[in-house]
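# Coordinate analysis (summary)
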Amino acid sequence: MLCRLASLYLNHHLFMNNIGEYFFNDNTGKVTTAADDEFTSEMETDYANLISLYIPYYNQLPEELKKRFLRRAYHFRSIKNFHYVGMAELAEIPILVSAAAVQLTLGLEKYELPFFKNIYITPDAYKTAEETETFIGHVSPDGIYISWKYFLQGYADSTDNVNVAIHELAHALAHEYFMEETGVDADFRTDFTKFSEVCGPVLAKISTQKRSYLRNYAFTNFQEFWAVSVEAFFESPAALRENLPQLYASLCNVLNQDLLTENKILPVSA
Ligand SMILES: [Zn+2]
């Protein structure tokens, strides 16, 4: 049941749409965009200085990939509208959120997440008017929502398998997979389908042997299994590979990354 991708996804989608409306109708959000002008060497240095302070993943990349990372972060930031809901704009926010997106997609050719034009930042965890649950982030057709406090916590402890930005961006990337006209690599499409097939046996194994390795939230539905697995993939790749090698290998294929190799990024498979 947990791998019945399409039907579960639809439920998730409709549920999140209601929450999105709450924010969409709330006009307190401040919007900023950046022009996608030339990425100067001064800007590159500024981006590098900031990102290296917060995102350990970046520091582990070979020099050439660092350059790709920074260019992509700049471009990603330039094509998104950032909204600050109930908080002041901070210059580092759009850069670091863009960097998180680039971390997730560095192995892929298509990384713009074109379905999502808007990114909403809240200061802390939030509740909606209708719902009783508290959120630290979610994804709806209106945009990607991330609590800034929890964004920072996610990167402050980079090995606890919890990273809200990576989690929500993984949902967004999966959403792109379901939108046929938009942006994922053909290769991602094939490998993500394989990932959903691996899901069943992996879940069966976890439930009998090592269920505790992934946090329990992973077992909510397929979408959460995907997002929680991706968090673990980036936060503690060696432990994930040791505990759930099949899942780890499948994620390497989907994302074209293997953080346990020197080059980090894998060649695109045939
Ligand atoms: Zn989730």
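Conventions adopted
The numbering scheme is per chain: residues are counted from 1 as the chain's sequence reads. In keeping with the model being predicted, local features are shown solely for residues with a pLDDT of at least 70 and side-chain atom pairs are shown and tallied solely at 80 or more, while totals for entire chains, interfaces and linings include all residues. With hydrogens and water stripped out, all remaining heavy atoms of the structure feed into the side-chain values. Under the scheme used here, helices are H or I runs from DSSP no shorter than 4 residues and strands are E runs no shorter than 2 residues, and both carry numbers assigned from the N terminus. Exposure categories follow from relative accessible area, calculated using a 1.4 Å probe and restricted to protein chains: below 20% of the type maximum is buried, above 50% is exposed, and the middle band is partly exposed. The contact definition used throughout considers only heavy atoms, calling two residues in contact when any of these lie within 4.5 Å. Throughout, the Shrake-Rupley method with a 1.4 Å probe supplies accessible areas, and for residues the shown protein chains are the sole cover considered. Centre distance within 6.5 Å is the pairing criterion for rings of Phe, Tyr and Trp, where only the six-membered ring of Trp is used; planes under 30 degrees apart are then read as stacked, over 60 as edge-to-face, and the remainder as tilted. A positively charged side chain is recorded as over a ring if its NZ (Lys) or CZ (Arg) lies within 6 Å of the ring centre. The angle to the ring normal must also be within 35 degrees. When DSSP finds at least two bridges between two strands, those strands are taken to pair. Think of it like this: strands point away, you trace from the first strand over the helix to the second, and a clockwise trace means the crossover is right-handed. When a carboxyl oxygen of Asp or Glu lies within 4 Å of a side-chain nitrogen of Lys or Arg, that pair is called a salt bridge. Here a cavity denotes grid points, spaced 1 Å and computed from the protein atoms alone, that fit a 1.4 Å probe unable to get out, and a pocket denotes an open set having protein on both sides within 12 Å along at least 5 of 7 lines; residues with an atom within 4 Å of a point are the lining. Grid points are joined across faces, edges and corners, and a volume is the space filled by probe spheres set on the points. Amino acid classes used here: Ala, Val, Leu, Ile, Met, Phe, Trp, Tyr, Cys and Pro are nonpolar; Asp, Glu, Lys and Arg are charged; the rest, including Gly, are polar. For Na, K and Ca the donor cutoff is 3.2 Å, while for all other metals N, O and S atoms must lie within 2.8 Å; water is not among the atoms, so some sites may look incomplete. Just to be clear on the cut-offs, tetrahedral is four donors with all angles between 85 and 135 degrees, square planar is four donors and octahedral six with opposite donors over 155 degrees apart and all others between 65 and 115, and anything else goes down as irregular.

Moving on, we come to the overall build of the protein. Looking only at helices and strands, the protein features 11 helices and five strands. Expressed as a percentage of the 270 residues in the protein, the buried residues total 53%. Sequence separation of at least 24 residues holds for 71% of the intrachain contacts in the protein that already meet a minimum separation of 6. A total of about 12000 Å² of accessible surface is found on the protein, and carbon and sulfur atoms cover 52% of it.

As a further point, take the packing of aromatic side chains. Enumeration according to the criterion identifies 22 aromatic pairs in this entry. Plain terms: the ring middles of F188 and W226 are 6.4 Å apart, the flat faces sit at 75° to each other, and that makes the pair edge-to-face. Note that F188 is positioned in helix α8 (residues 186–210) and W226 in helix α9 (residues 222–235), a separation of 38 residues in sequence. Each of the two residues, F188 as well as W226, counts as buried. Through pairs of rings, three or more aromatic residues link up here, namely Y177, F188, F192, F195, F222, F225 and W226. For K66, the ring lying beneath its charged end belongs to Y58, and the centroid distance is 5.5 Å. A cation sits over an aromatic face here: K80 above F76, 5.0 Å from the ring centre.

Here is the key point about a regular strand: its side chains alternate between the two faces of the sheet. Counting buried positions over the five residues of strand β3 (residues 118–122) gives five, a clear majority of the element. Along β3, one buried face is formed by N118, Y120 and T122 and the opposite face, lined by I119 and I121, is buried too. Across four bridges, the pairing between strand β2 (residues 81–84) and β3 is parallel. Considered in β3, the bridge of N81 is made with N118. Taken together, β2, helix α5 (residues 92–105) and β3 form a β-α-β motif whose crossover is left-handed. Where β3 meets strand β5 (residues 143–147), four bridges bridge the pair, whose relative direction is parallel. Looking across to β5, one finds that Y120 is bridged to Y145.

Under the counting rule described, the total for this entry stands at four salt bridges. Notably, a salt bridge pairs E63 with K66, separated by 3.5 Å at the nearest N-O pair. Taken together, the positions of E63 and K66, both in helix α4 (residues 63–79) and three residues apart, correspond to about one turn of that helix. A salt bridge links K194 to D191, with the nearest nitrogen and oxygen atoms 3.6 Å apart. Pair noted here: K194 and D191 are both in helix α8, with a separation of three residues, about one helical turn. Looking at D191, the relative accessible area reads 4%, which means it is buried.

Here the focus is the layout of surface pockets. As a volume, the second largest pocket reaches approximately 180 Å³. Around the second largest pocket, the lining residues are I55, P56, Y57, Q60, Q103, Y155, S158, N163, F234, E235, P237 and L259. Secondary structure elements with two or more residues in the lining of the second largest pocket: α3 (56–59) and α9. Looking at the lining of the second largest pocket residue by residue, the class counts come to seven nonpolar, four polar and one charged.

Note on the zinc ion: its protein donors are H167 (NE2), H171 (NE2), E224 (OE) and E224 (OE). The metal-donor distances range over 2.0 to 2.6 Å. Taken together, the four donor atoms coordinating the zinc ion and their angles of 55 to 148° define a geometry best described as irregular. Expressed as a motif, the donor residue spacing for the zinc ion is H-x3-H-x52-E. Of this pair, H167 sits in helix α7 (residues 164–178) while E224 sits in helix α9, placing them 57 residues apart in sequence.

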